[in-house]
Amino acid sequence: MTQSLSCPNCGASLEYAGGGRTMKCPYCGTTVEVPEEFWQAAETAQTANKWKKYIIIFLAITVGLPTCMGVLASMLGVFGTLLGIGAGIFGAIIPFILHIFVH
């Protein structure tokens, strides 16, 4: 979400797309402080996007991996059964580990 503000030095229109509490005017080089509501909204949007990524990764691992391994397990017999059980355990544990890397 892009928001507009004006440079206090030259009056140029500046577009704030997030990513910091200050920005530099491309026309005169003045450092402009971004209003608090602008950068807070950008930080909130970033947090929401991180959670969306986490949920997609969680579903892919907890549903997709055991399903694929279950199909493989049915073709491999006893060894495949153990492989399927291991994939189910791995699929249940790995999202908690990924949570560390997503933040």
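Further up the page is the structure itself.
Just so it is clear, the model here is predicted, and its values are computed rather than measured. (Residues numbered from 1 in each chain as written. Predicted model: local features only at pLDDT ≥ 70, side-chain atom pairs only at ≥ 80, totals over all residues. Heavy atoms only, no water.)

Visitor: When you look at the overall build of the protein chain in this model, what are you seeing that I'm missing?
Guide: Looking only at helices and strands, the protein chain features two helices and four strands. Counted from the first residue to the last, the protein chain has its helices and strands arranged as β-β-β-β-α-α. Sequence separation of 24 or more characterises 29% of the internal contacts of the protein chain that already satisfy a separation of 6 or more. Carbon and sulfur atoms make up 67% of the accessible area of the protein chain, which totals about 7,100 Å². (Helix = DSSP H or I, 4+ residues; strand = E, 2+ residues; numbered from the N terminus. Contact = heavy atoms within 4.5 Å. Areas by Shrake-Rupley, 256 points an atom, 1.4 Å probe, with all protein chains shown as cover.)

Visitor: Explain the packing of aromatic side chains to me, please; I cannot follow it from the model alone.
Guide: Given two aromatic rings, one states the distance between the centres and the angle between the planes to describe the pair. What the rule picks out here adds up to one aromatic pair. Between Tyr16 and Phe38 the ring centres are 6.4 Å apart and the planes differ by 25 degrees, which places this aromatic pair in the stacked class. Here Tyr16, found in strand S2 (residues 13–16), pairs with Phe38, found in helix H1 (residues 36–76); they are 22 residues apart in sequence, far enough to count as distant. What makes Tyr16 buried here is its relative accessible area of 4%. Given a relative accessible area of 15%, Phe38 falls into the buried group. A cation over a ring is seen here: Arg21 above Trp39, with NZ or CZ 3.6 Å from the ring centre. (Phe/Tyr/Trp six-rings, centres within 6.5 Å; stacked < 30°, edge-to-face > 60°. Buried < 20%, exposed > 50% of the residue type's maximum accessible area, 1.4 Å probe, protein only. Lys NZ or Arg CZ within 6 Å of the ring centre and 35° of its normal.)

Visitor: Would you take a moment to explain the pairing of S2 for this structure?
Guide: Here is the key point about a regular strand: its side chains alternate between the two faces of the sheet. In S2, alternate side chains face the same way, and those of Leu14 and Tyr16 are buried while those of Ser13 and Glu15 on the opposite face are not. The hairpin turn running from strand S1 (residues 3–6) into S2, its antiparallel successor, is six residues long, and Gly11 in that turn takes a positive phi close to 80 degrees. (Pairing = 2+ DSSP bridges.)

Visitor: Help me out: how do you make sense of the environment of Tyr27 in this one?
Guide: Within the fold, Tyr27 resides in the loop between strand S3 (22–24) and strand S4 (31–33). On the basis of relative accessibility, which here comes to 62%, the residue Tyr27 falls in the exposed class. Measuring from C-alpha to C-alpha, the distance between Tyr27 and Leu14 comes to 9.7 Å, with 13 residues separating the pair along the chain. Filtering out sequence-adjacent residues up to four positions away, Tyr27 remains in contact with Cys10, Ala12 and Ser13.

Visitor: Sorry if this is basic, but what is going on with the state of the cysteines here?
Guide: In a disulfide, the sulfur atoms of two cysteines are held together by a covalent bond. Summed over all chains, the structure comprises zero disulfides. Free of any disulfide, Cys28 has its nearest cysteine sulfur in Cys7, 3.6 Å distant. (Disulfide = S-S within 2.5 Å.)

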